Amino acid sequence: PIETLTSQPLRKSGKTLTGLCPLHNERHPSFVVYPETNSCWCFGCQRGGDVISFVMLTQNFSFKEAVQYLIGI
């Protein structure tokens, strides 16, 4: 699940989780995780996507590196 990859604490807000964006510095939470689709979006920096995209953005990995990271290779 994508929420297990975030370093920032998230709080439940209906069917979503919200918190500070791990992709940029901010004071007010604009990062939303959608557990049902295993995806995220930041309304502050306008970036997000599925779990692979999230790892690519946060770790500066290529697609192949992100998949290997997620499967534990």
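See the structure printed just above.
Let us look at the structure shown here. Note that the coordinates shown come from a computational prediction; the quantities given were computed from them, not determined experimentally.

Some points on the overall build of the chain
Along the backbone of the chain there are two helices and five strands. Reading the chain from its N terminus to its C terminus gives the helix and strand order β-β-β-β-β-α-α. Relative to the 2.2 N^0.38 estimate, which gives 11 Å for 73 residues, the radius of gyration of the chain is 12 Å and therefore close to what a compact globule would have. Judged by the C-alpha coordinates and their principal axes, the chain covers about 35 × 25 × 20 Å.

A few points about the packing of aromatic side chains
Tallied over the entire structure, the rule returns two aromatic pairs. A ring pair is formed by Phe31 and Phe54, whose centres lie 6.0 Å apart and whose planes are at 35°; its orientation type is tilted. One end of the pair, Phe31, is in strand β3 (residues 31-34); the other, Phe54, is in helix α1 (residues 51-59), with 23 residues separating them in the sequence. Here Phe31 matches Phe54 in class, with each residue buried.

Thresholds, definitions, all that
- Residues numbered from 1 in each chain as written.
- Predicted model: local features only at pLDDT ≥ 70, side-chain atom pairs only at ≥ 80, totals over all residues.
- Heavy atoms only, no water.
- Helix = DSSP H or I, 4+ residues; strand = E, 2+ residues; numbered from the N terminus.
- Rg over C-alpha atoms; globule rule 2.2 N^0.38 Å.
- Phe/Tyr/Trp six-rings, centres within 6.5 Å; stacked < 30°, edge-to-face > 60°.
- Buried < 20%, exposed > 50% of the residue type's maximum accessible area, 1.4 Å probe, protein only.

By themselves, these figures tell us nothing about what the structure is for.
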